[in-house]
Every structure is written in structure tokens, then in C-alpha cells.
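The chain contents come next:
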Amino acid sequence: KEAMVIDLQPKPSRPHCYERYVQPCVAELLGSALFIFIGCLSDINNTTGTGMLQPALAHGLALGISIAILGEI
């Protein structure tokens, strides 16, 4: 007689509607808001001595923080 092999691995469940639609939209909204808010604030206080370095560094820092926090989503 042949032995029957049955694979009992469960099928992966589909992601919930919140995880699929709402969570990425909220993450995009928060990331964009942080990026724009930090960038605009750095440009308001821009003095003549710093040139364009201060806004560039602030945008880079805001982008890095957004990716670090919201990258998994």
C-alpha cells in the first residue's frame, strides 16, 4: 500500500481592509505632512549665512525620519 501524504499547512489569510487601504493612506499622509512641515519651517528661518544647506539638511532629516518610522507600512 502507498502512504498518503497530506500537507496541513494553513492558507495565508487575506489582509484586513484596514491593513490594505486605510493604513497605507494614513502613513502617506503623516509622512508627507512631516516632510512638508519640517521643510517649510526650515526655510522660514533661513538666514543669509547658511544658504540652501539648512533647508536641504532639514528635508533630508525629515525624509529619513519618515522612512524609519513608516517604512514597514
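Shown above is the structure to which this text applies.
Here the structure is a predicted model, which is why all the values come from computation and not from measurement. (Residues numbered from 1 in each chain as written. Predicted model: local features only at pLDDT ≥ 70, side-chain atom pairs only at ≥ 80, totals over all residues. Heavy atoms only, no water.)

A. Local environment of a nonpolar patch on the surface. A surface patch of nonpolar side chains, about 490 Å² in accessible area, is lined by Tyr18, Tyr21, Val22, Val26 and Leu30. Along the chain, Tyr18 falls in helix α1 (residues 17-44). (Patch = residues over 30% accessible without salt bridge, like charges linked within 9 Å, V, L, I, M, F, W, Y side chains within 5 Å. Areas by Shrake-Rupley, 256 points an atom, 1.4 Å probe, with all protein chains shown as cover. Salt bridge = Lys/Arg side-chain N within 4 Å of Asp/Glu carboxyl O. Helix = DSSP H or I, 4+ residues; strand = E, 2+ residues; numbered from the N terminus.)

B. The environment of Ile36, seen in detail. Within the secondary structure layout, Ile36 lies in helix α1. According to the relative accessible area criterion, Ile36 is exposed, its value standing at 52%. Between the alpha carbons of Ile36 and Leu63 there is a distance of 9.6 Å; along the sequence they are 27 residues apart. (Buried < 20%, exposed > 50% of the residue type's maximum accessible area, 1.4 Å probe, protein only.)

C. Layout of the side chain of Ser66. With respect to the element layout, Ser66 can be found in helix α2 (residues 53-70). Judged by its relative accessible area of 10%, Ser66 is buried. Once residues lying within four places of it in the same chain are set aside, the contact partners of Ser66 are Gly31, Leu34 and Gly71. (Contact = heavy atoms within 4.5 Å.)

D. Spotlight on the environment of Glu19. Its location among the elements puts Glu19 in helix α1. By relative accessible area, which is 49% here, Glu19 ends up partly exposed. With 54 residues separating them along the chain, Glu19 and Ile73 place their C-alpha atoms 8.6 Å apart.

E. View of α1. End to end, α1 covers 40 Å across 28 residues, agreeing with the expected 40 Å (1.5 Å per residue, within 8%). Its axis deflected by about 30° at Gln23, α1 carries its strongest bend there, up to four residues before the proline Pro24. Buried within α1 are the following residues: Ala27, Gly31, Gly39 and Ser42. Of the surrounding secondary structure, the elements contacted by the buried residues of α1 are α2. (Expected span 1.5 Å × (residues − 1). Bend = angle between axes of the 7 residues up to and from the residue.)

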